[in-house]
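# Chain and residue survey
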Amino acid sequence: MSKAPIIAGTMQTDPRSGGVKRSSGVNVLPAATEAWAEVRDDGNADVDWILIGYEGNSKTDMTLLEKGSGGLEAIANVLPPGVPVFGGVKLSSGKFVSFLYIDDGCPAMKRGRTLMYKNGVFNALEGCVGEIEMTPGLTEAEMGPVR
């Protein structure tokens, strides 16, 4: 697997440039994509979810924050306060879903930047059937529809 970051595919059109498309600029680092490959590996029961977030003080680099097992219930109990995170989880049905969780205490500028990067990070989480709305303490029984 390549060690270069994935320059995620969210495209924006700048009307000042005559409609030239450019990338949103988010970089999903290899640690995150390698961990997602572990989640997708049916032979690996040790990892069935990952959390991805900003690396240190970076405004563009997304890296693996945490990974583990226990499904949706486990990941819903480790969501960090005040920090936006992306994640992916394997449900008990065997399907993979992604999510974006932004705590109410997250600063407005970071919230906006994170929303701009959403599609780019989700593009790196290959194989997901859709997105769920994540909340602390969520269970599969309480989970809403997959969008």
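### A short note on the overall build of the protein
Looking only at helices and strands, the protein has 3 helices and 9 strands in total. Each helix and strand of the protein, placed in order from N terminus to C terminus, yields the pattern β-β-β-β-α-β-β-α-β-β-α-β. Residue burial in the protein is summarised as follows: out of 147 residues, 43% are buried. Taking contacts inside the protein between residues at least 6 apart in sequence as the whole, the part at least 24 apart equals 55%. As presented, the protein carries roughly 7600 Å² of accessible surface, and 52% of it is formed by carbon and sulfur atoms.

### Things to note about the pattern of salt bridges
A full pass over the atoms with the stated rule returns 4 salt bridges. With its nearest N and O atoms 3.1 Å apart, the salt bridge here joins Lys90 to Asp42. Of the two residues, Lys90 sits in strand 7 (residues 85–90) while Asp42 sits in the loop between helix 1 (30–40) and strand 5 (49–54), which places them 48 residues apart along the sequence. On the basis of relative accessible area, Lys90 is assigned to the partly exposed category, the value being 22%. Given a relative accessible area of 65%, Asp42 falls into the exposed group. Arg147 is the partner of Glu131 in a salt bridge, and the nearest nitrogen-oxygen pair spans 3.5 Å. You can see Glu131 sitting in strand 9 (residues 130–131) and its partner Arg147 sitting in the segment after strand 9, a full 16 residues away along the chain. Look at Glu131 and you get buried, because its relative accessible area is 14%. Note on Arg147: relative accessible area 57%, which makes it exposed. By sharing partners, the salt bridges in this structure join Lys118, Glu131 and Arg147 into a single network.

### Regarding the packing of aromatic side chains
The way to describe two aromatic rings as a pair is by their centre distance and the angle between their planes. Counted by the stated rule, this structure contains 2 aromatic pairs. Cation over ring: Arg40 sits above Phe96, and NZ or CZ is 4.6 Å from the ring centre.

### Concerning the pairing of strand 6 (residues 61–68)
In this structure, strand 4 (residues 27–28) lies alongside strand 6, joined through 2 bridges in parallel fashion. Looking across to strand 6, one finds that Asn27 is bridged to Asp61. With 6 bridges joining them, strand 5 and strand 6 adopt antiparallel strand pairing. When the sheet's bridge partners are listed, Tyr54 is paired in strand 6 with Met62.

Rules used throughout
- Residues numbered from 1 in each chain as written.
- Predicted model: local features only at pLDDT ≥ 70, side-chain atom pairs only at ≥ 80, totals over all residues.
- Heavy atoms only, no water.
- Helix = DSSP H or I, 4+ residues; strand = E, 2+ residues; numbered from the N terminus.
- Buried < 20%, exposed > 50% of the residue type's maximum accessible area, 1.4 Å probe, protein only.
- Contact = heavy atoms within 4.5 Å.
- Areas by Shrake-Rupley, 256 points an atom, 1.4 Å probe, with all protein chains shown as cover.
- Salt bridge = Lys/Arg side-chain N within 4 Å of Asp/Glu carboxyl O.
- Phe/Tyr/Trp six-rings, centres within 6.5 Å; stacked < 30°, edge-to-face > 60°.
- Lys NZ or Arg CZ within 6 Å of the ring centre and 35° of its normal.
- Pairing = 2+ DSSP bridges.

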